[in-house]
Amino acid sequence: MMNKLVTIAFAVLFTASSHASIMSYSGFFDDDESRFYTSFDVTAESLVTMTTFGYAGGTNGSGDTIADGGFDPQLFLFDSSGALLESDDDASSIESASSSDDNSYDAIISRLLGIGSYIAVLTQYDSDYESGDLYTGVWSLADTEDFEDASGDIRTNAYAFDIEGEFISNVVASDTNSVPEPLSLALFGIGLAGLGFSRRKQSI
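Chains are numbered independently. Their residues run from 1 in the order of the written sequence. Predicted model: local features are reported for residues with pLDDT of at least 70 only, side-chain atom pairs are reported and counted for 80 or more only, and whole-chain, interface and lining totals are derived from all residues. Only hydrogens and water are removed before side-chain values are computed, so all heavy atoms of the structure are retained for them.

(A) Representation of the pairing of strand β8 (residues 84-88). The criterion for strand pairing is that DSSP finds at least two bridges linking the strands in question. Secondary structure follows DSSP: runs of H or I at least 4 residues long count as helices, runs of E at least 2 residues long count as strands, and numbering of each begins at the N terminus. Examined bridge by bridge, strand β7 (residues 73-79) and β8 share four bridges and lie antiparallel to one another. Its bridge partner lying in β8, Leu77 is registered against Glu86. Count of turn residues in the β7/β8 antiparallel hairpin: four residues, of which Gly82 carries a positive phi of about 90 degrees.

(B) How the structure looks around the packing of aromatic side chains. Only Phe, Tyr and Trp rings take part, Trp by its six-membered ring, and two of them pair if their centres are within 6.5 Å. Stacked means planes under 30 degrees apart, edge-to-face means over 60, and tilted covers everything else. Under the criterion given, the structure shown has 14 aromatic pairs. A centroid spacing of 5.4 Å and a plane angle of 55 degrees characterise the contact between Tyr25 and Phe36, whose relative ring orientation is tilted. Of this pair, Tyr25 sits in strand β2 (residues 19-28) while Phe36 sits in strand β3 (residues 35-42); the two residues are eleven residues apart in sequence, bridging distant segments of the chain. The pair Tyr25 / Phe36 is uniform in exposure class, with both members buried. Judged by centre distance (4.8 Å) and plane angle (25 degrees), the rings of Phe29 and Phe71 are stacked. Here Phe29, found in the loop between β2 and β3, pairs with Phe71, found in the loop between β6 (65-66) and β7; they are 42 residues apart in sequence, far enough to count as distant. Across this residue pair, the class does not change: Phe29 and Phe71 are buried. A connected cluster of aromatic rings, assembled from ring pairs, spans Tyr25, Phe29, Phe36, Phe71, Phe147, Tyr159 and Phe161. Criterion for a charge above a ring: Lys NZ or Arg CZ within 6 Å of the ring centre, and within 35 degrees of the ring normal. When the ring centre of Tyr55 is taken as origin, the NZ or CZ atom of Arg155, which lies over that ring, is 3.7 Å away. Between buried and exposed lies partly exposed: a residue is buried under 20% and exposed over 50% of the maximum accessible area for its type, with that area taken using a 1.4 Å probe on protein chains only.

(C) Region of the structure containing the nonpolar core. Membership of the largest hydrophobic core comes to 22 residues, with the highest contact counts inside it found for Phe40, Val48, Met50, Phe161 and Ile163. Should any heavy atoms of two residues lie within 4.5 Å, those residues are considered in contact. Residues in contact with Phe161, not counting those within four places in the same chain, are Met23, Ser24, Tyr25, Phe36, Thr38, Met50, Thr51, Thr52, Leu75, Ala120 and Leu122. The definition of a nonpolar core used throughout is a set of buried Ala, Val, Leu, Ile, Met, Phe, Trp, Tyr and Cys residues joined through side-chain atoms within 4.5 Å. Grouped together as the second largest cluster of nonpolar side chains are eight residues, Ile119, Val121, Tyr135 and Trp139 included.

(D) Highlighting the pattern of salt bridges. By convention in these notes, a salt bridge is any Lys or Arg side-chain nitrogen within 4 Å of a carboxyl oxygen on Asp or Glu. Counted according to the given criterion, the structure contains one salt bridge. A salt bridge links Glu86 to Arg111; its shortest N-O distance comes to 3.1 Å. Within this pair, whereas Glu86 is found in strand β8, its partner Arg111 is found in strand β9 (residues 108-113), the two being separated by 25 residues in sequence.

(E) Geometry of the confidence of the model for the chain. The share of residues in the chain with pLDDT of 70 or more is 75%, and the mean pLDDT across the chain is 80. Looking across the chain, the model is least confident in helix α1 (residues 182-203), with a mean pLDDT of 44, and most confident in strand β10 (residues 116-124), with 97. For every residue, the predictor states its confidence as a pLDDT score lying anywhere from 0 to 100. Here residues 1-5 scores under 50 on pLDDT; set against residues more than four positions off or in separate chains, the count is 18 contacts. Every residue in residues 178-188 is under pLDDT 50, and counting partners more than four places away or in other chains gives 13 contacts.

In structure tokens form, the structure reads like this:
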């Protein structure tokens, strides 16, 4: 199980014509094979952006200062059927580098998503999804020990992760390597049913 010391912050930014929700997560992995899951619904087609801050640090969407020194993260985005939509390890668009080793190993996924349900997964490099259920299935082992990065630098077990979008709802953050609690699963199912009902009404 993942360390329970997880900080979750929520912010809503308003503009003249739209609003964007930002969910900010931070915490610590128990070991090199830990994973952090965030399931969410998109209620109208919109751009959704997921960014990590753990490696190089910085200021997250909630205005919190994240310390430099976390492990080398990677992000995955799956649809409700478990199909991989996109993944990122070292995003070229991230300009901030770790002050301790001058590397930019944080990750970002920014993608236009249609109405539906999605799951974002944060892992340590190079732990990749291989088969089975996203929560209990097979993932490859991280290509490291004790949170060492590709350059051989020893890092900490800290992560920080933001997810931002205009039409995000039913966000459920799940412990690493564990299936969400029954209530969370039930709420996730209700969210799916609600989306289906809404879409049927629109087509009448």
